[in-house]
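Each chain is listed here by its residues.
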Amino acid sequence: MAEETQKPETAPQVEVVVPEAEKEASTPVKAVVEAEKAVENEAVDSEKIIEQPSFKEETNVVSELPEFQRKAIEELKKLIQDACAKHEFSYPPAPSSPTPVVKEEEKTEEVVVVEEEKKEEEQTPAAEVAPAPTSVVATEPPVATTEVEQTPPPIVETKAEEVAPAPAATEIPVTVAAEADESQEKTVETIKETIVEEITPPTVEEVTPPNVEVVTAPVEPEEVSIWGIPLLADERTDVILLKFLRARDFKVKEAFTMIRNTVRWRKEFDVDNLLEEDLGNEEYSKVLFTHGFDKEGRIVCYNVFGEFQNKELYQNTFSDAEKRKKFLKWLIQFLEKIIRDLDFSPKGINSIVLVNDLKNSPGYGKRDVSKIIDKFLVILQDNYPEFVARQLCINSSWWYVAYYWIYLNVFTPRSKSKFVFASPSKTPETLFKYIAPEHVPVQYGGHSKIGENEFSPADPVTEVIIKPGTKHPIEFAFSEATELVWELRVIGWDVNYGAEFLPEKEGGYTLNISKPKKIALSTDEPVISDTFKVTEAGKVVITIDNQSSKKKKLLYRSKVKVSE
């Protein structure tokens, strides 16, 4: 029968559940489809970001920003104002002390519980004795009434008093045990109530924070500045805040934490006073230096860590901990001096281009170099956000590119788009894409020389592509006496070069300024510089003959001097 009663009960349950399950099943399917569509949309968006050919800096003018970015700036300013009022930039927030308070409460709770248990133990015997007669009276009234009807009243009272204890002797243990259990339950409940009552009043937590705030609250807000610019002072603040917001994808709280940690690190490292410190060692300038500007007007900084192949320089930099620390401080000082020359106005140039020359870079055998570089990169990433607009890694081998391409997968698409890698043969071409040849050092295929007087970065360089098997003449015509100065180079050379003067007067003689000669491929990539004094009307013709099967890039510039 039990089975028969269960069958009809389960059957209707199955009939009811099936349609509900079908209805519920339809909603998850819709949810899955919607989720898949969302994932596809996100994938498409990410592909668009990854497919971007290069990084492009956004505007720093607040009025031109999207609304959510403007709101983020205002929220970040409010957090900074509150932090300045509490002096959170000068010292870490006071550590809360919940653990000792909890321990004291736990001790007081334990004492209260012990005291309550003692009181209950003292009260339990009385509680056991007192209820006994009441329980007997409560259980025996019918017997007493029957006896009263059969016996006279005076005898009934005496007999009731005498008879009552007899059955009570047998029933007392049972009733007392039951009542003891009840009393124990009551004592447990009272103990719990007392514990709750002791825990609930948060007198310590409510009283101490106001006292702490009153004692430590500063009278005046803290003044905070970064890179010599006071925060919240003028429109330059917006540019600085945008750097931190962009580094944290406009997550306001994370950007605020980054700013606070940066200010604290600068105070701990004493960065402002580091600018005036004399760290000496001019050899460091061979490793890290600035040279020229890119096509957007940014300062170009070159890292040439291959210089550490020089054993003497390596020993003078990494032989002990003190020297390593000094070099790290010099790197920070170098970066700080560059930043102080930037323009933090909304339309100013406030970023740099970093060129990393990987030729002969120290390998894993020289761990001291890699450790210092890693420390500097961490400092750069944590405390100097959005200062590097582009990183050009030149003279990089294929394995280096492969390794770093895998390593760069951990970066965001924004950060990854700033990196450009170029092999030794593509280094000049890659640099010229972002930096004009007149600003590129000679050792990297450009025309810029340190200490050169004849030409300056203000003198533009002309670029010409020479097709395979063709000649390209460069002509300069003159009608009076003067002096012509020029310099040129061909990327990859392997061409013939010659220069001559053709007089305008009929019957005049052609002068060979430079006889045609073959200039082979050279690792030094030399720049040919020459001059010619014109004494009569005519023209100077410079010829580049490309007899190779590859196109060549010609770079040249000239200047005319008035002859005395």
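The structure reproduced in this document is the subject of the present report. (Residues numbered from 1 in each chain as written. Predicted model: local features only at pLDDT ≥ 70, side-chain atom pairs only at ≥ 80, totals over all residues. Heavy atoms only, no water.)

**Quick notes on the pairing of strand E3 (residues 288–293)**
Put simply, the rule is: Following DSSP output, two strands are said to pair if at least two bridges run between them. Under the scheme used here, helices are H or I runs from DSSP no shorter than 4 residues and strands are E runs no shorter than 2 residues, and both carry numbers assigned from the N terminus.
Across 4 bridges, E3 lies against strand E4 (residues 299–304) in antiparallel orientation. In the strand pairing of E4, Leu288 is matched with Asn303.

**Details of the pattern of salt bridges**
Rules: For salt bridges, the criterion is a side-chain nitrogen of Lys or Arg within 4 Å of an Asp or Glu carboxyl oxygen. The buried label applies to any residue whose accessible area, calculated with a 1.4 Å probe on protein chains only, is under 20% of its type's maximum; exposed applies above 50%, and partly exposed to all values in between.
Applying the stated criterion to the full structure yields 23 salt bridges. In this structure, Glu336 and Arg266 form a salt bridge, with 2.7 Å as the shortest nitrogen-oxygen distance. Residue Glu336 is located in helix H13 (residues 321–340), and its partner Arg266 is located in helix H10 (residues 252–269); the two are separated by 70 residues in the primary sequence. In terms of burial, Glu336 and Arg266 fall into one category: buried. Across the pair Asp459 and Lys559 runs a salt bridge, and its minimum N-O distance is 3.4 Å. Taken together, the residues span a long stretch of sequence, with Asp459 in the loop between helix H17 (427–434) and strand E8 (462–466) and Lys559 in strand E15 (residues 552–561) at a distance of 100 residues. When its relative accessible area of 18% is taken as the criterion, Asp459 is described as buried. Classification of Lys559 by relative accessible area gives partly exposed; the value is 25%. Taken together, the shared-partner salt bridges connect Glu58, Arg246, Glu386, Arg414 and Lys418 into one network.

**Things to note about the environment of Phe387**
Quick note on the threshold: Contacts are residue-level and defined by heavy atoms, with any inter-residue pair within 4.5 Å sufficient.
Assignment of secondary structure puts Phe387 in the loop between helix H14 (367–383) and strand E6 (388–394). As for Phe387 and Ser351, which are separated by 36 residues in sequence, their C-alpha atoms are 4.5 Å apart. Those residues within four positions of Phe387 in sequence are excluded, and the remaining contacts are Trp227, Lys243, Ile339, Leu342, Phe344, Asn350, Ser351 and Ile352.

**A word on the sheet that holds strand E12 (residues 511–519)**
Rules: Here an axis means a line fitted to C-alpha atoms, over the contact stretch when the element is a helix, while the angle between two N-to-C directions is reported on a 0 to 180 degree scale.
Ordered in space as E9-E14-E11-E12, the 4 strands form an open sheet in which the pairing is antiparallel. Edge positions in the sheet fall to strand E9 (470–478) and E12, since each of these pairs with one other strand and no more. Between one strand and the next, the sheet's axes are offset by a mean angle of 15°, whatever the strand orientation. Relative to E12, strand E11 (residues 495–503) runs antiparallel, the two being bridged by 6 bridges. The residue of E12 that forms the bridge with Ala499 is Ser514.

**Digging into the packing of aromatic side chains**
Put simply, the test is: Working definition: rings of Phe, Tyr and Trp (its six-membered ring) pair if their centres are within 6.5 Å, and the pair is stacked with planes under 30 degrees apart, edge-to-face with planes over 60 apart, and tilted otherwise.
Enumeration over the complete set of coordinates arrives at 23 aromatic pairs. Each ring, one from Trp227 and one from Phe344, has its centre 6.4 Å from the other, and the planes form 5°; the classification is stacked. Of this pair, Trp227 sits in the loop between strand E1 (225–226) and strand E2 (229–230) while Phe344 sits in the loop between H13 and strand E5 (352–357), and the two are 117 residues apart along the sequence. As far as burial versus exposure is concerned, Trp227 and Phe344 are alike and both buried. Plain terms: the ring middles of Tyr314 and Phe318 are 5.2 Å apart, the flat faces sit at 45° to each other, and that makes the pair tilted. You can see Tyr314 and its partner Phe318 sitting in helix H12 (residues 311–318), 4 residues apart, about one turn around the helix.

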